[in-house]
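# Understanding the architecture of this molecule
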Amino acid sequence: MKSTKTTAEALSAVTLRRQRERNELDANALELFARVAAAGSFAQAARQLGLTRAAISRRVAAMEEQVGQALLARTTRSLGLTDAGRQLARRAQAVREAAEAARHSLRRDAEGLKGQLRITAVATFGQHVLLPLLAEFRRQHPGIQLDLLFTDRRVDLLREGVDVAFRITRKPPQDRVAQPVLRFRIKAYAAPGPALQEPAELQQQPLLLFGSAPEAVPLLWRHADGHTEQIELQPSFSGDSMDALIELARQGAGVVLAPDYCVRADLAAGRLVDLLPDWQLPIAEGEQIQALTLPAATAGTKARALVRHVAERLAA
């Protein structure tokens, strides 16, 4: 008796599942219905889809059977929507638009990216990290024209027509899409010599400082264990060119405070050393470069492709 009941329950469950499956309309059916509703006739929809009028009629009839309601009011001369048909048509149109957008995007990708792409970046990141990645991106997409603006100024993407901005920021604007691409640290580098133990020892070294600082500046240092130490340093050189300051450091003219991505080649070649291996300067704006674009609905495929390329290369 128990076995018979169990078998009956199983059969009932299978029947219900098949019934639910019949009642579900897939994306293809919804897109077809949206086209029929927009065309206003089976014949016109059939021409758009490359099908016969009879095939369109059969598929709509199958949909009506699935939902258990009439979707179209048919006469010999016209085709109209029932109330249920109007409700379904609104939802079907959203599916059709999403499908067309996806196909359009795939076609553009297949054809290759073309047109101008305007990029801005923090100058040091642009020159030391971004340029080879842009050259590689351009080789992959020769139809792209790159317009570069390397500046530490905050650029308004929308107002200045910029597609991608690479910026140091902890809190990106809420109306922008942000993709972190590189974490970095600012540390003390100099020509090869003895390492220092404490930031206070920098007071005995010529300091090469980015920016304008004619007087002593207080700098807060953070140790790897989390504790901090603030000291005042008097710059021997200051300027607005990080590359110039790094070259002075190579020549033994002093200690440069620089992002680590600016000196990786020098460290690998032994031209510079990290004077305070356990210390770094915290950065108020954050310690990562982020790629900022306009929202997906506004940002172009080219911008999203570039951000993806940079993020993947730097992650590797």
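Remember, it's a predicted structure, so these values are computed and weren't measured experimentally. Going along each chain's sequence as written, the residues are numbered from 1 onward. Given that this is a predicted model, residues contribute local features only at a pLDDT of at least 70 and side-chain atom pairs are listed and counted only at 80 or more, while totals for whole chains, interfaces and linings are drawn from all residues. Each side-chain value is derived from all of the structure's non-hydrogen atoms; neither hydrogens nor water enter the calculation.

Across its full length, the chain holds 10 helices and 15 strands. Looking at the chain residue by residue over its 316 residues, the buried ones come to 37%. A separation threshold of at least 6 residues defines the contact pool for the chain, and within that pool the share at least 24 residues apart is 72%. In the structure as shown, the chain presents an accessible area of about 18000 Å², 51% of it carried by carbon and sulfur atoms. Only DSSP runs of H or I covering at least 4 residues are called helices, and only runs of E covering at least 2 are called strands; the numbering of each starts at the N terminus. Relative accessibility thresholds used throughout: buried, under 20% of the residue-type maximum; exposed, over 50%; partly exposed, between the two (1.4 Å probe, protein chains only). Note on contacts: a residue pair is in contact if any heavy atoms of the two residues lie within 4.5 Å. Methods summary: accessible areas were calculated by the Shrake-Rupley approach with a probe of 1.4 Å, and residue burial reflects only the protein chains presented.

Turning our eyes to something else, we now look at helix 2 (residues 27-39). An α-helical turn contains 3.6 residues, so a residue and the one three or four places further along point in the same direction. Multiplying 1.5 Å by the residue count of a helix minus one yields the expected span of that helix. If you check helix 2, its first and last C-alpha atoms are 18 Å apart, about what 13 residues at 1.5 Å a residue would give, namely 18 Å. Listed as buried for helix 2 are Ala-29, Leu-30, Glu-31, Leu-32, Phe-33, Ala-34, Arg-35 and Val-36. In the analysis that follows, any N or O atom pair within 3.5 Å is treated as a polar contact, provided that within protein one partner can donate a hydrogen and the other can accept it, and provided that, for residues neighboring in sequence, both atoms belong to side chains. Structurally, the start of helix 2 carries an N-cap: the backbone nitrogen of Asn-28 is 3.3 Å from a side-chain oxygen of Asp-26. Backbone geometry just after helix 2 places Gly-40 at a positive phi near 80°.

Only one face of strand 9 (residues 217-223) is buried, namely the one carrying Val-217, Leu-219, Trp-221 and His-223, since none of Pro-218, Leu-220 and Arg-222 on the opposite face is buried. Here six bridges tie strand 9 to strand 10 (residues 228-233), and the two strands are oriented antiparallel to one another. Bridge pairing in strand 10 places Leu-220 opposite Gln-230. Here strand 9 folds back onto strand 10, and the loop between the two strands holds four residues, one of which, Gly-226, carries a positive phi near 105°. Where strand 9 lies against strand 14 (residues 279-280), two bridges are found, and the strand directions are antiparallel. Its bridge partner lying in strand 14, Arg-222 is registered against Gln-280. Pairs of strands are assigned from DSSP output, requiring at least two bridges between the strands.

The three strands lie next to each other as 10-9-14, forming an open sheet whose pairing is antiparallel. Each having just a single partner strand, strand 10 and strand 14 make up the two edges of the open sheet.

In this section: the confidence of the model for the chain. Per-chain confidence: the chain averages 85 in pLDDT, with 87% of residues scoring 70 or above. The lowest-confidence element of the chain is helix 1 (residues 2-23), averaging 48 in pLDDT; the highest-confidence one is strand 7 (residues 186-190), averaging 97. Per-residue confidence from the predictor is reported as pLDDT, which spans 0 to 100. Low pLDDT (under 50) marks residues 1-5, which in the prediction has zero contacts with non-local residues, meaning those over four places away or in another chain. Below a pLDDT of 50 lies the segment residues 14-23, which in the model reaches three contacts outside its immediate sequence neighbourhood of four places, other chains included.

This part takes up the sheet that holds strand 13 (residues 273-274). Paired through their backbone hydrogen bonds, the strands of a sheet run either parallel or antiparallel. Sheet architecture is open: five strands sit in the order 11-8-12-7-13, paired in mixed fashion. The open sheet terminates on both sides in strands that have one partner only, identified here as strand 11 (235-239) and strand 13. As judged from the two bridges shared by strand 7 and strand 13, these two strands associate in the antiparallel manner. Following the sheet pairing, Tyr-189 is matched in strand 13 by Asp-274. Lines fitted to the C-alpha atoms define the axes, with helices restricted to the stretch that makes contact. Angles between their N-to-C directions range from 0 to 180 degrees. Relative to the sheet, helix 8 (residues 242-250) contacts strand 7, strand 8 (207-210), strand 11 and strand 12 (255-259), its axis offset from that of strand 12 by approximately 135°.

So, on to the nonpolar core. In terms of nonpolar packing, the biggest core is built from 58 residues, with Phe-125, Phe-166 and Trp-221 touching the most fellow members. Nine residue types can take part in a nonpolar core, namely buried Ala, Val, Leu, Ile, Met, Phe, Trp, Tyr and Cys, and a core is a set of them joined through side-chain atoms within 4.5 Å. Membership of the second largest hydrophobic core comes to 20 residues, among which are Ala-34, Val-60, Leu-79 and Leu-88.

Another aspect to go through is the side chain of Asp-260. Its place among the elements puts Asp-260 in the loop between strand 12 and helix 9 (264-269). None of His or the chain ends enter the tally, which takes Lys and Arg as positive and Asp and Glu as negative. Throughout this description, the term salt bridge denotes a Lys or Arg side-chain nitrogen within 4 Å of a carboxyl oxygen of Asp or Glu. For the buried Asp-260, no salt bridge is present, and the opposite-charge side chain at shortest range is Arg-264, 4.0 Å distant. Residues contacting Asp-260, with those up to four places away along its chain left out, are Phe-184, Arg-185 and Tyr-189.

The next subject is helix 3 (residues 42-49). Of the positions making up helix 3, those classed as buried are Phe-42, Ala-45 and Ala-46. Along the long axis of helix 3, the arc covered by the buried residues comes to 105°, so they all point the same way. Against the buried residues of helix 3 lie helix 2, helix 4 (53-67), strand 1 (72-74) and strand 2 (79-81). If you check the start of helix 3, you find a side-chain oxygen 3.0 Å away from the backbone N of Gln-44, and it comes from Ser-41. The directions considered for the arc are those from the helix axis to the C-beta atoms.

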